[in-house]
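As a plain string of letters, each chain reads:
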Amino acid sequence: MEKILRINMGADGGPKVKTEPVGSYAGMGGRALTSAIVSKEVPPTCHPLSEDNKLVIAPGLLSGSAAAMSGRISVGCKSPLTGGIKEANSGGQPSQMIGRLGYAAIVLEGKPKDDALYRVYINKDKVEIKADKSLKMLGNYAVAEKMKAEYGDKVSCISIGPAGEMKMAAASVAFTDMEFRPTRHAGRGGVGAVMGSKGVKVIVVDDAGCKARSPKDAEKFKEANKAFVAGLRKHPVTGQGLPTYGTNVLTNVLNEAGAYPTKNFMWGRFDGCSKISGETQAETENARGGEGSATHGCHRGCVIRCSGTFYDKDGHYLTKQPEYETVWAHGGNCGIDDLDAIAMLDRLDDDYGLDTIEMGATIGVAMEAGIAKFGDAQAAINLVKEVGKGTPLGRILGNGAAVTGRVFGVERVPVVKGQAMPAYDPRGVQGIGVTYATTTQGADHTAGYAVTANILGVGGKVDALKPEGQIELSRNLQIATAAIDSTGMCLFIAFAILDQPDTFQALLDLLGSFGGRKLTGDDVVGLGKSILKMEREFNAKAGFTKEMDRLPDYFKKEKLPPHNVTFMVKDSDLDQVFNW
Amino acid sequence: MKTPTQPSPAPMDLSLTMSGSAVSRFFPILGEGLLVRGPGAESVEGFLQKAAGVSPAYLKDVVQTVFLDGRALDDCSTTVLGDGAVLALSAAMPGLAGAVLRRGGFYAAMRRPISHEGGGAAAAGAEITVTLKLFNLVARDLGPGLLGRGILLPGSRLKDFIARQGRWIWKGCRGATVDGRRVGVEEVPGLIRPGREVVLTVASEQ
């Protein structure tokens, strides 16, 4: 991946393509590259939907190689939701294909001078850009079908739905999966709105005639990959729990812990939890679609296979297996205990191109405002349809929980830096609250997700019994996560790394043998720190202050039943997270 | 004058025979809680071994996450169970939350306000009833044995569970008996009374 593809959508005479060497960005991938380009090339104070913003799509360092689990992709820009730097991550097929085409990144720049909507086609020989009115306001599913009819089913698509075209701050970018369905999304932060502002509806990626990327030390790479896969398969989380139940396996556990945000973060436990748990979901999928329906990868080369396929009551495909965060956002958070309704909401979100977390949180706020009743599944479906149609109410909802709360006068709005919190109440799991508050991305559970900090030894030994331990843990997790996000590796590899030092070594060997240099844990830590530093500097220049690294006040005042706890980490401690 | 209380009716005995892997349709109900009666004054580990047949080795190696009365528990060997306790068992879980909730895990400090402090005491010799919830792989591992021997449930819980599964729950059901009488599967929901406990036995026909 020695080149960057830049498409200036605002050039005189129409979009212009330029391919250039990676230059000073050499050796970077995924989040490291998106954040480097955004922080260096995008004016921090620009309007996120202006010509000055850039949308950077970057496969991971190992994407396009034969490395297992390496098909994740990063999408970066200045976020219309948070106003700060953004990296949203997705699975799907395009990452491997872009890597094989040799591109370290595709950068959409400028802004069309008219309201034309474009499609981009990329193969090994050419980049073709055409205006295509027929794509206007199509859902992601229809776009994928149209592209498949034209280009065949061996290509992959990166697209936006109507939400992206309407430049809504909750709009996602969709990536097609192994079945050519637009089910994998870079969901967070409104990256779809930025793609919409560039006038690009779909990028078709065709890697026909391209070979897998070759490692520098092929023999060592092969050995390391084998050991890495074996490590993932033998670990109970990556080898059994996730493949059997998917991420929604967390529902019962978080609910039992009393940390499952329910009805817009009013309670920590949901009565209807068992009806929407991962166990129930997996049994439902397997009963309706046959054994194995609950186990599926999100991209080729995935050996964990934490996804699945959800079938409706008549046994027809409805959507991919909704993730834990989706089931929570549209389920418990809205008082909805109907898996079929939640799956329908997931399908609508995917088709309109919306972040499921932001939409579920937004509907929760709307329910608190009295727009619909908690537990009313049909009302929730109708609200998402309003977003898809772009009605005045839909435009409000499609711009996220913060905007919706402001418009309808709701105080309990669970956001940080304008982005909705995911499925873990920070009063129950306080360390996650530290990450929500301080991450560069706005409230984001994946910003501090890579439970490898103890292995990496970041920041020395943590004393778990001291209050400041929360701060150190969050810091270390954010550093480790930023590094893994740059490799193109799925974050779920972290569990095998956490418990099995030999699997961590296999990952280092995989990265080292691919690039031809020996890597250590310190190198990984250094990479993570450098990414966070770039992102923090961008946000500071965009106007972010330490006062924005806070949870909303009500988390410090309102006790969360059943354990009646508040968020107790002091502001002065939060200010120490990046003090390394 | 004191009104004599009605003795609780004996639990209804519902036995189902399912084909092969169809037994798993009933695993999710294990996560809602079954009633387990056993000796008082026992540690979590001792109670599980004596009353539910869960070996200490399985508890140590597979059950990575334990909740007692909704709080994450780190020490199963000294914490004593009382009557009416709710105990939930889970295998290792993904996500940071999974790592945080793990028994004695590196990230346990991140959930201190919802951790169980351990301890507790109960009178020796008295029988206690504990609601036991089995989640995910623990339900899959222990489910066939427990369901094969029979689990005790409130009738309302089973009735509600069957109702929301729809027709899929009976896929692969080869036969049903209620209190020893052979019945059609379509009759089963109507025979379950919310106020009467049920001993549910689900056997696998290979």
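Not measured: the values here are computed from a predicted model. (Residues numbered from 1 in each chain as written. Chains lettered and ligands numbered in written order. Predicted model: local features only at pLDDT ≥ 70, side-chain atom pairs only at ≥ 80, totals over all residues. Heavy atoms only, no water.)

**Quick notes on helix H3 (residues 140-151) of chain A**
Residues and elements named next belong to chain A.
So, point 1. Here H3 spans 16 Å end to end across 12 residues, near enough to the 16 Å set by a 1.5 Å rise per residue.
So, point 2. Buried residues of H3: Asn140, Tyr141, Val143, Ala144 and Met147, and no others. Seen end-on, H3 carries its buried residues on one side only, within an arc spanning 160 degrees.
So, point 3. Positive backbone phi, approximately 90 degrees, marks Gly152, located one or two places after H3. (Helix = DSSP H or I, 4+ residues; strand = E, 2+ residues; numbered from the N terminus. Expected span 1.5 Å × (residues − 1). Buried < 20%, exposed > 50% of the residue type's maximum accessible area, 1.4 Å probe, protein only. Arc of directions from axis to C-beta.)

**Brief notes about helix H18 (residues 469-485) of chain A**
So, point 1. The end-to-end C-alpha distance of H18 of chain A is 24 Å, a good match for the 24 Å that 17 residues give at a rise of 1.5 Å each.
So, point 2. In terms of burial, H18 of chain A is a largely internal element, 17 of the 17 residues being buried.

**A word on the interface of chain B and chain A**
So, point 1. Taken together, the 42 residues of chain B in the interface contact 53 residues of chain A.
So, point 2. Inspection of the region where chain B meets chain A yields 2 salt bridges.
So, point 3. The salt bridge partner of Lys133 of chain B is Glu256 of chain A, with a shortest N-O separation of 2.9 Å.
So, point 4. Secondary structure elements with two or more residues in the side of chain B that touches chain A: strand E3 (65-68), strand E5 (86-90), helix H4 (95-101), helix H5 (136-149) and helix H6 (155-165) of chain B.
So, point 5. For the side of chain B that touches chain A, the element with the most residues is H4 of chain B, which contributes 7 residues.
So, point 6. Class assignment for the residues of the side of chain B that touches chain A results in 21 nonpolar, 8 polar and 13 charged. (Contact = heavy atoms within 4.5 Å. Salt bridge = Lys/Arg side-chain N within 4 Å of Asp/Glu carboxyl O. Nonpolar A, V, L, I, M, F, W, Y, C, P; charged D, E, K, R; others polar.)

**Details of the pairing of strand E6 (residues 103-109) of chain A**
The side chains of a regular strand alternate between the sheet's two faces.
Residues and elements named next belong to chain A.
So, point 1. Across the 7 residues of E6, 7 count as buried, placing the element largely inside the fold.
So, point 2. Relative to E6, strand E1 (residues 3-8) is paired through 6 bridges, and the arrangement is parallel. When the sheet's bridge partners are listed, Asn8 is paired in E6 with Glu109. (Pairing = 2+ DSSP bridges.)

**What about the pattern of salt bridges?**
So, point 1. Scanning the entire structure with this criterion turns up 45 salt bridges over all chains.
So, point 2. The salt bridge partner of Asp355 of chain A is Arg188 of chain A, with a shortest N-O separation of 3.0 Å. Of this pair, Asp355 of chain A sits in the loop between helix H11 (339-352) and helix H12 (356-368) while Arg188 of chain A sits in the loop between strand E11 (184-186) and helix H5 (191-197), and the two are 167 residues apart along the sequence.
So, point 3. Given the relative accessible area of 9%, Arg188 of chain A is considered buried.
So, point 4. Salt-bridge contacts for Lys50 of chain B lead to Glu42 of chain B; the nearest nitrogen and oxygen are separated by 2.5 Å.
So, point 5. Among the residues examined, Lys50 of chain B registers a relative accessible area of 56% and is labelled exposed.

**Concerning the sheet that holds strand E2 (residues 16-21) of chain A**
Sheet strands line up and pair through hydrogen bonds in the backbone, either parallel or antiparallel.
Residue and element names in this part refer to chain A.
So, point 1. Strand order in the open sheet formed by 6 strands is E2-E1-E6-E3-E4-E5, and the pairing between neighbours is mixed. The strands lining the two open edges of the sheet, one partner per strand, are E2 and strand E5 (85-90). Strand-to-strand twist of the sheet, defined as the mean angle between neighbouring strand axes without regard to direction, takes the value 20 degrees.
So, point 2. Here helix H1 (residues 30-41) sits on the sheet and contacts E1, strand E3 (55-59), strand E4 (73-78), E5 and E6; the angle it forms with E4, its principal contact strand, is near 15 degrees. (Axes fitted to C-alpha atoms, helices over the stretch in contact; angles between N-to-C directions.)

**Brief notes about a positive patch on the surface**
So, point 1. Residues Lys111, Lys133, Lys136, Lys167 and Arg395 of chain A make up a contiguous surface patch of positive charge.
So, point 2. Taking relative accessible area as the criterion, Lys136 of chain A reaches 39% and is therefore assigned partly exposed. (Patch = residues over 30% accessible without salt bridge, like charges linked within 9 Å, V, L, I, M, F, W, Y side chains within 5 Å. Areas by Shrake-Rupley, 256 points an atom, 1.4 Å probe, with all protein chains shown as cover. Lys, Arg positive; Asp, Glu negative; His and termini not counted. Charge placed at Lys NZ, Arg CZ, Asp CG, Glu CD.)

**Focus on unusual backbone geometry**
Residue and element names in this part refer to chain A.
So, point 1. Backbone torsion omega between Pro561 and Pro562 reads 10 degrees, so that peptide bond is classified as cis.
So, point 2. Residue placement: Pro562 occurs in the loop between helix H22 (554-557) and helix H23 (571-574).
So, point 3. In this model, Met69 sits at a positive phi of 65 degrees, which is unusual for a non-glycine residue.
So, point 4. Locating Met69 in the fold gives a position in the loop between E3 and E4.
So, point 5. For Met69, a relative accessible area of 1% puts it in the buried group.
So, point 6. Non-glycine residue Lys167 carries a positive phi angle of around 55 degrees.
So, point 7. Position of Lys167 among the secondary structure elements: in the loop between helix H4 (162-165) and strand E10 (173-175).
So, point 8. For Lys167, a relative accessible area of 34% translates into the label partly exposed.

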